[in-house]
Number of protein chains: 2
Amino acid sequence: MSDSIVVGLDIGGTSTRALVATAAGTVLGRGRAGGGNPTTHGVEAAATELRLALTAALAPIDPGQVSAAAMGLAGAGRLLADPVARAAFDRVWDQVGLRCGYDVTGDALAAYASGTPHPDGTIVIAGTGAIAGEIRDLTLHRVADGHGWLLGDAGSGFWLGREAVRRTLAVIETSQERVGLPDLVMAELLGDPATGGGPPAGPARRTVDALVQAVAAGPPIALAALAPLVVRAARDGDPVAVDIVAEAARLLAGSVGRIRSAGDRTPVVLGGGLLTGGTPLSAALTGALRERWPDAPLVTAGDGAAGAAWLAARTLPEVTDPTALHHRLLAAPA
Amino acid sequence: MSDSIVVGLDIGGTSTRALVATAAGTVLGRGRAGGGNPTTHGVEAAATELRLALTAALAPIDPGQVSAAAMGLAGAGRLLADPVARAAFDRVWDQVGLRCGYDVTGDALAAYASGTPHPDGTIVIAGTGAIAGEIRDLTLHRVADGHGWLLGDAGSGFWLGREAVRRTLAVIETSQERVGLPDLVMAELLGDPATGGGPPAGPARRTVDALVQAVAAGPPIALAALAPLVVRAARDGDPVAVDIVAEAARLLAGSVGRIRSAGDRTPVVLGGGLLTGGTPLSAALTGALRERWPDAPLVTAGDGAAGAAWLAARTLPEVTDPTALHHRLLAAPA
């Protein structure tokens, strides 16, 4: 008898990723398409990206052979509650020839599962938004933050970008020299290199007004696009950026502290674009977490689609060692 | 020869106030109408409120006798730059029979002038928004903050309201008892008294989601409507509210610190709905300012229309003692 085949999906704001693998941990196919969140992209656009990603990943096999599937999705609860979105996803499922069902989980659980097979632990994600979650028995037990940019997402990409503009405004108002991050922010928002510090009051106020208006011209969430400037400046040792990153790490550790008790030795998985890839924020957060939870393993999230595939596979009868399967699935280069 | 007559106007988001007085300091008439800011209310609606307030204030006199006028207006620069708004205001001026010109100043200067006749000092305003300004020779020399709710307004009514929701979300997520301010916030946003602390994870998350959605259902600035809850709870000694108010005072003092040097002994005028009327925030800010500027007189703003009338009158040739005129105009009950 050949191994069962599973599908894992990681559906996010910027990409939809699919992975097809055997229950023994051999990756058979991968697919990638654009952002596929039905809440933010619209149901039809999301369904199209889902079909593209699945079609590519399933190309090497007969889709009818797939026996289990899981998808990690930001706002999973909204998909499950929305019959139109659910019907569109079901239709794609049929179109690509899949005959098994699929579990929908939050992207937080898929990210967690991409980092560790341990049933209990903590996930903290900082991308455009930010959230921390307690995982118990591989379900999301409770969360802190994830409240969106207006009320929360403390330490997120949005938060970093907003803070970068705030500090820039303060630098201008106090006639400090505009170097480093403030210089980068002004060039990005005004398309104009800084003219140097200490201008008279009139021009300073006009610069402040121009920055405020440049931000107001876009949707608030566009402030997240400034986060890479903060990351870059922090790497270069710019004191303003280093300070912002330290504060973001403190806020993220604070969110973790809301849902994780002192002395907890279960793993903490760091996910999201700002906490993977060795960013200054992941370094700062690692430091903050080690201080409060010195005995906890800290793990960087891997491929969310592989995490979802593992979630789908781990309860198959033939999978006798889910931990070994995790190592095989997540060790495979994405 | 009878005294010259002046008109002062204070045009804000919630009301338009007019005051007619003699250059000797006798108040002859007052008028009040709805919010008249052309930027936020639209030019025609603003012009209507201006006409109502002026008509009432001018009723006891012949408008043709008025020799000087000043209006304090949030976003004064935008009125001056907008020919349509300017033409609409000029038309009202003609309609009510005024023949003198009028000076347009920011509401910050009018608020400052309502508190003190001293030519140099500082104004700090906390209402829906927040701003601090340095006054030199009775002109607004430079400002800190006033950046709007997305980027600034630190310590404002919006800030207090947002912080109240944030703290409420944190209380729910950490399963603390929902008493005091969190209880008030939940009742206000969900129309539902708190059910008591420590619910299991599911219901807590649903409550968090309901709060986030209740806020998302309105414009962000509507969070300012929660500020009175914070003020009330702080008066009652609620520790969460007291902490929020202390942080707001720290932020407002920080904005003042950006535009006021250590050791400055000129007056600081406290204006805006959150800093007049003996609120806990004005008490906390007074404490924070006394710590940094122990020798500065701290004054509460008075009637902005009277402040504007004084600005219009003080340079008339017959006004030989502007300070005495200030005392008379601002001592009159509004």
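In this text, all values refer to a predicted model and were calculated from it rather than measured experimentally.

Chemist: Help me understand the pattern of salt bridges in this model?
Modeler: When the charged atoms of two side chains with opposite charge come close together, those side chains can pair. Tallied over the entire structure, the rule returns 30 salt bridges over all chains. Across the pair Asp264 of chain A and Arg260 of chain A runs a salt bridge whose closest N-O atoms are separated by 3.7 Å. Exposure remark for Asp264 of chain A: the relative accessible area of 21% places this residue in the partly exposed category. Its salt-bridge partner being Arg166 of chain B, residue Glu163 of chain B comes within 3.4 Å of it at the nearest N-O pair. Residue Glu163 of chain B and its partner Arg166 of chain B are both found in helix H6 (residues 157-173); the two are separated by 3 residues, about one turn of the helix. Judged by its relative accessible area of 22%, Arg166 of chain B is partly exposed. Taken together, the salt bridges that share partners define one network made up of Glu163, Arg166, Arg167 and Asp243 of chain A.

Chemist: What am I meant to see in the interface of chain A and chain B here?
Modeler: Often the size quoted for an interface is simply the accessible area lost on bringing the parts together. At the interface, 28 residues of chain A touch 28 residues of chain B. When chain A packs against chain B, the two sides together hide about 2400 Å² of surface, and 62% of this comes from carbon and sulfur. On the chain A side of the interface with chain B, the three residues burying the most area are Leu150, Leu151 and Glu173 of chain A, jointly 30% of the side's total. Remark: the boundary between chain A and chain B carries 2 salt bridges. Arg258 of chain B serves as the salt-bridge partner of Glu173 of chain A, at 2.5 Å between the closest nitrogen and oxygen.

Chemist: Sorry, what's going on with the domain arrangement of chain A here?
Modeler: Residues and elements named next belong to chain A. Annotation of chain A at the domain level lists domain 1 (5-116 + 302-331) and domain 2 (119-296). For domain 1 and domain 2, the distance between their C-alpha centres works out to 30 Å. With 10 residues of domain 1 at the contact, the number on the domain 2 side is 12 residues. In total, domain 1 and domain 2 occlude about 860 Å² of area from one another, counting both sides; carbon and sulfur atoms represent 81% of this. Looking only at domain 1, the three residues that lose the most surface to domain 2 are Ala108, Leu109 and Tyr112, adding up to 63% of its buried area. At the boundary of domain 1 with domain 2, the tally comes to 0 salt bridges. Put simply, domain 1 and domain 2 have 2 residue pairs in polar contact (both at pLDDT 80 or more) between them.

Chemist: Explanation requested: the packing of aromatic side chains in the structure shown.
Modeler: What characterises a pair of aromatic rings is the spacing of the ring centres plus the angle enclosed by the ring planes. Taken as a whole and assessed by the stated rule, the structure comprises 5 aromatic pairs over all chains. Seen from their ring centres, Trp93 of chain A and Tyr102 of chain A are 4.5 Å apart, and the 45° between their planes marks the pair as tilted. Judged by relative accessible area, which is 5%, Trp93 of chain A ranks as buried. By relative accessible area, which is 10% here, Tyr102 of chain A ends up buried. When the centroid spacing of 6.0 Å and the interplanar angle of 15° are considered together, the rings of Trp149 of chain A and Trp149 of chain B count as stacked. Here Trp149 of chain A is found in the loop between strand S8 (139-145) and helix H6 (157-173), whereas its partner Trp149 of chain B is found in the loop between strand S8 (139-145) and H6 on a different chain. Trp149 of chain A gets classed as partly exposed once you look at its relative accessible area, which sits at 22%. Members of the aromatic cluster, each reached through a chain of ring pairs, are Trp149 and Phe158 of chain A together with Trp149 and Phe158 of chain B. When the ring centre of Trp310 of chain A is taken as reference, the NZ or CZ atom of Arg314 of chain A above it lies at 6.0 Å.

Chemist: Mind showing me how you'd approach the pairing of strand S6 (residues 121-126) of chain B here?
Modeler: Looking along a regular strand, one sees the side chains alternate between the two faces of the sheet. All names here are of chain B. Buried residues dominate S6, accounting for 6 of its 6 residues. Residues of S6 alternate between two faces, with Gly121, Ile123 and Ile125 on one and Thr122, Val124 and Ala126 on the opposite face, all of them buried. Where S6 meets strand S7 (residues 130-136), 6 bridges bridge the pair, whose relative direction is antiparallel. Among the inter-strand pairings, Val124 is bridged to a residue of S7, identified as Ala132. Once S6 ends, the chain turns through 3 residues before running back antiparallel as S7. In the sheet, S6 pairs with strand S9 (residues 268-271) via 4 bridges, with the strands oriented parallel. In the strand pairing of S9, Thr122 is matched with Val268.

Chemist: How should I be thinking about the sheet that holds strand S9 (residues 268-271) of chain A in this particular structure?
Modeler: Either a parallel or an antiparallel arrangement is found when strands of a sheet pair, and the pairing is made through backbone hydrogen bonds. Residue and element names in this part refer to chain A. With mixed pairing, 5 strands are arranged side by side in an open sheet as S8-S7-S6-S9-S10. Two strands lie at the open edges of the sheet, namely S8 and strand S10 (298-300), each paired on one side alone. Along the sheet, successive strands turn relative to each other by an average axial angle of 25°, direction set aside. Note that strand S7 (residues 130-136) and S8 share 6 bridges and pair antiparallel. What sits directly across from Ile135, in S8, is Leu140.

Rules used throughout
Residues numbered from 1 in each chain as written. Chains lettered and ligands numbered in written order. Predicted model: local features only at pLDDT ≥ 70, side-chain atom pairs only at ≥ 80, totals over all residues. Heavy atoms only, no water. Salt bridge = Lys/Arg side-chain N within 4 Å of Asp/Glu carboxyl O. Buried < 20%, exposed > 50% of the residue type's maximum accessible area, 1.4 Å probe, protein only. Helix = DSSP H or I, 4+ residues; strand = E, 2+ residues; numbered from the N terminus. Contact = heavy atoms within 4.5 Å. Buried area = accessible area lost by both parts, 1.4 Å probe. Domains from an automatic or database assignment. Polar contact = N/O pair within 3.5 Å; in protein donor to acceptor, adjacent residues only side chain to side chain. Phe/Tyr/Trp six-rings, centres within 6.5 Å; stacked < 30°, edge-to-face > 60°. Lys NZ or Arg CZ within 6 Å of the ring centre and 35° of its normal. Pairing = 2+ DSSP bridges. Axes fitted to C-alpha atoms, helices over the stretch in contact; angles between N-to-C directions.

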